[in-house]
Amino acid sequence: MKKQYYRKKFNNYNDDWETAVGLFILWIIYSIVVFVQKNYKMIIIIGLILFLVTLIVLLVVYRKKIKNYLVSKHIKKVKNKLKKKSKLYFNIIELNNKYSFEEFKPFYDNYNVYFKSNLETCNFDDYLLMTIDKKYDLLKQYKLKYDELNNSYNKYNDEYNELKKYISVDEAIELKINNDEYIKCQNEIFEQLKNKNIPEFKVVIYINYSSKKGRVKKKKYKIYNKEQFYNKMQEYLKLKKDNELYKISSRVERARMSESMRYDVLKRDNFRCQICGASSKDGANLQVDHIIPVSKGGKTEMSNLQTLCSRCNIGKSNKM
Ligand SMILES: [Zn+2]
């Protein structure tokens, strides 16, 4: 359907061009005739005929456009009359003045990661849970404001629809406007004036990566709608109730470790366990350990990482 419409439109443009070029060539030929011919009567007669032909061709080609123009001018006139005399028009203006809806903006939160691989593997849900934990009160306010706006928008919508029911021929007769034109114009005015600022609940989590020298910058984001957010909120409240909030930051901190960081720690520690000194040559299975565990708020940073063999690592966790 749409393709056909565009083709039709395109063909119309072609018609216009062909007409314009055709007429232009005719007038050029005529100009040449004027230069060559000495018979003035002839020149005037041909000129008049050409003028008439041009006029008829233009009328035929542009008749639709001319008609459309006249119709739209008429519709404009009808609308202006409605804006001066229609009670329904004044009612919708009044309704719009009664409610004012500011734009409802999304709730944003940002995180930075320091490795490109972290950006690729990041788990947005965990970051959202951290945001809920950090900005609980702000999010609560956001939700309240949304509910408020949403309620008042629904009220507005009901009143708007109620008002629209009165668009009928009664007023058309009263204002001496053609019924169909009245209904068409009034509906268009109503549609135009309708407040379309529907509040949309959106929590957006941004994760930014910027290379050490700041040359490479990338970001990813995820948008949570109302339902998705409420689900995560339930999950958050359950974790909080069970005293398991640390699980979120642990997961995030663990995910922050990259292969290259693991290698850097092993290299710094000369590929030896920092407790017993065993290396993989001795058959030890070397692991990178958080000195302060992530569950206790330890960060994934070089200064908080050390090389341990698996045996010492198990021994350490048993003690903690
Ligand atoms: Zn060891």
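Just so it is clear, the model here is predicted, and its values are computed rather than measured. (Residues numbered from 1 in each chain as written. Predicted model: local features only at pLDDT ≥ 70, side-chain atom pairs only at ≥ 80, totals over all residues. Heavy atoms only, no water.)

J.: Would you mind going over the coordination of the zinc ion in detail, with residue names and values included?
T.: Only Cys273 (SG), Cys276 (SG), Cys309 (SG) and Cys312 (SG) from the protein reach the zinc ion as donors, at distances of 2.2 to 2.4 Å. Counting gaps between the donor residues of the zinc ion yields the pattern C-x2-C-x32-C-x2-C. Cys273 gets classed as buried once you look at its relative accessible area, which sits at 3%. (Donors = N, O, S within 2.8 Å, 3.2 Å for Na, K, Ca; no water. Buried < 20%, exposed > 50% of the residue type's maximum accessible area, 1.4 Å probe, protein only.)

J.: Explain the nonpolar core to me, and be specific about the residues and the numbers.
T.: Judged by nonpolar contacts, the single largest core of 49 residues is most densely connected at Tyr127, Ile132, Val203, Ile205, Ile207 and Phe229. By residue number, the principal contributor to this core is helix α6 (residues 136–164), which donates eight residues. No fewer than three residues from each of domain 1 (2–85) and domain 2 (107–251) sit in this core. Excluding anything up to four places from it in sequence, Phe229 contacts Leu128, Ile132, Leu139, Phe201, Val203 and Tyr224. Formed by 13 residues, the second largest nonpolar core is a distinct cluster that contains Met257, Leu286, Leu305 and Cys312. (Core = buried A, V, L, I, M, F, W, Y, C linked by side-chain atoms within 4.5 Å. Helix = DSSP H or I, 4+ residues; strand = E, 2+ residues; numbered from the N terminus. Domains from an automatic or database assignment. Contact = heavy atoms within 4.5 Å.)

J.: With reference to specific residues and values, describe the sheet that holds strand β2 (residues 203–210).
T.: Spatially, the three strands line up as an open sheet ordered β1-β2-β3, and their pairing is mixed. Of all strands in the sheet, those bounded by a partner on one side alone are β1 (107–113) and β3 (217–224). When strand polarity is set aside, the average angle formed by the axes of neighbouring strands in this sheet is 20°. As paired strands, β1 and β2 are joined by seven bridges and run parallel to one another. Note that in β2 the partner of Phe107 across the bridge is Val203. (Pairing = 2+ DSSP bridges. Axes fitted to C-alpha atoms, helices over the stretch in contact; angles between N-to-C directions.)

J.: Break down the domain arrangement of the protein chain for me, with residues and values.
T.: Each domain of the protein chain was delimited in the assignment, giving domain 1 (2–85), domain 2 (107–251) and domain 3 (257–319). On a C-alpha basis, the centres of domain 1 and domain 3 stand 84 Å from each other.

J.: Account for the packing of aromatic side chains, with residues named and values stated.
T.: In this structure the tally under the stated criterion is 22 aromatic pairs. Seen in terms of ring centroids, Tyr89 and Phe90 are 5.8 Å apart; in terms of plane orientation they differ by 65°. Their pairing is edge-to-face. Its relative accessible area of 13% is what places Tyr89 among the buried residues. By way of ring pairs, the aromatic residues Phe104, Phe107, Tyr142, Tyr146, Phe201, Phe229 and Tyr230 are connected into one cluster. The residue whose ring lies beneath Lys240 is Tyr136, and the NZ or CZ to ring-centre distance is 5.9 Å. (Phe/Tyr/Trp six-rings, centres within 6.5 Å; stacked < 30°, edge-to-face > 60°. Lys NZ or Arg CZ within 6 Å of the ring centre and 35° of its normal.)

J.: Can you tell me about the pattern of salt bridges, naming the residues and giving the values?
T.: Under the criterion given, the structure shown has 19 salt bridges. In this structure, the salt-bridge partner of Glu188 is Lys79, at a minimum N-O distance of 2.7 Å. Taken together, the residues Glu188 in helix α8 (residues 179–193) and Lys79 in helix α2 (residues 40–85) connect sequence positions 109 residues apart. Accessibility expressed as a relative area gives 30% for Glu188, which makes it partly exposed. We note a salt bridge from Asp289 to Lys316, for which the minimum N-O separation is 2.5 Å. Of the two residues, Asp289 sits in strand β4 (residues 286–290) while Lys316 sits in helix α12 (residues 310–319), which places them 27 residues apart along the sequence. What you see here is one network of salt bridges that share partners, running through Asp125, Lys222, Lys232 and Glu235. (Salt bridge = Lys/Arg side-chain N within 4 Å of Asp/Glu carboxyl O.)

J.: Tell me what's going on with the environment of Leu138, and back it up with residues and numbers.
T.: Of note, Leu138 is situated in helix α6. The partly exposed category is assigned to Leu138, whose relative accessible area is 46%.

J.: An account of the pairing of β4 is needed here, citing residue identities and associated values.
T.: Extensive coverage of β4 is indicated by the burial of four of its five residues. Where β4 lies against strand β5 (residues 305–309), five bridges are found, and the strand directions are antiparallel. Note that in β5 the partner of His290 across the bridge is Leu305.

J.: Pulling in residues and values, what's your account of helix α3 (residues 87–98)?
T.: For α3, with 12 residues, the first-to-last C-alpha span of 16 Å sits near the 16 Å given by 1.5 Å per residue. Listed as buried for α3 are Leu88, Tyr89, Ile92, Leu95 and Asn96. For α3, the angular spread of the buried residues around the axis is 120°, confining them to a single face. Away from its buried face by more than 90 degrees, α3 exposes Lys87, Glu94, Asn97 and Lys98. Buried residues belonging to α3 abut α2, α6, α7 (169–175) and α8. (Expected span 1.5 Å × (residues − 1). Arc of directions from axis to C-beta.)

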